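Residue-level listing of the chains:
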Amino acid sequence: MTLASVQQALEPLGLLDRIVFFEKDATPTVADAARLLGCEPRLIAKTMAVKLLSGPALIVLAGAPRVDGKKFRRRFQESMKFIPSEERLEMTGHGPGSMTPIGAKRGVPIYFDESLRSLPERHPAGGAAATVARLKLSELEKAAPPNEWVDLAREGE
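Residues numbered from 1 in each chain as written. Predicted model: local features only at pLDDT ≥ 70, side-chain atom pairs only at ≥ 80, totals over all residues. Heavy atoms only, no water.

Examining the packing of aromatic side chains
Part 1 of the reasoning: Counted by the stated rule, this structure contains three aromatic pairs.
Part 2 of the reasoning: An angle of 85° between the planes, with centres 5.0 Å apart, marks the rings of F76 and Y111 as edge-to-face. Of this pair, F76 sits in helix α3 (residues 69-76) while Y111 sits in strand β4 (residues 110-113), and the two are 35 residues apart along the sequence. The burial state of F76 is the same as that of Y111; both residues are buried.
Part 3 of the reasoning: A connected cluster of aromatic rings, assembled from ring pairs, spans F72, F76 and Y111.
Part 4 of the reasoning: The aromatic ring of F76 is capped on one face by R75, whose charged end is 4.5 Å from the ring centroid.
Part 5 of the reasoning: R117 extends its terminal NZ or CZ atom over the ring of W149, reaching a point 3.7 Å from the ring centre. (Phe/Tyr/Trp six-rings, centres within 6.5 Å; stacked < 30°, edge-to-face > 60°. Helix = DSSP H or I, 4+ residues; strand = E, 2+ residues; numbered from the N terminus. Buried < 20%, exposed > 50% of the residue type's maximum accessible area, 1.4 Å probe, protein only. Lys NZ or Arg CZ within 6 Å of the ring centre and 35° of its normal.)

The following block contains the structure:
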């Protein structure tokens, strides 16, 4: 799934050429992806796979901030639990190091954090550990339509 599902989602939008390929396993962290793209970490769109009582969900934030646990509990009425690495591919359609909302498994809700709105460009993983998609926020919204915009980022990060 992963890279192929990202390509399938981007192709009809004319964005297939936005996938950037790096050396094998070169972008496992926000810092690694930013360094290779030559951009600030805040331009990376990090995707976290969480397990809610209702099932898996993807939370997408700007690269720098972390999730505020109190905000998460207020919005979802439960504590944040990450999906274990070995379950991510089956539950979300993407495995560790390639987490992206683009091409995610059908039915998995996607939540975009307000921190994404601060800049016009965001670069999520491209569906494989050594890929990144260079996208404008408006393109990311088309490629991976969020179910909801939420405010989960810690203040001041």
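Here the narrative resumes.
Considering unusual backbone geometry
Part 1 of the reasoning: Even without glycine at this site, Q77 takes up a positive phi of about 60°.
Part 2 of the reasoning: Counting through the fold element by element, Q77 comes out in the loop between α3 and α4 (85-92).

Brief notes about the environment of E121
Part 1 of the reasoning: Its location among the elements puts E121 in strand β5 (residues 121-124).
Part 2 of the reasoning: Measuring from C-alpha to C-alpha, the distance between E121 and K136 comes to 4.1 Å, with 15 residues separating the pair along the chain.
Part 3 of the reasoning: In this structure, E121 is in contact with L43, L135, K136 and L137, ignoring residues within four places of it in sequence.
Part 4 of the reasoning: Within the structure, E121 has its side chain in polar contact with the side chain of H123 (distance 3.5 Å). (Contact = heavy atoms within 4.5 Å. Polar contact = N/O pair within 3.5 Å; in protein donor to acceptor, adjacent residues only side chain to side chain.)

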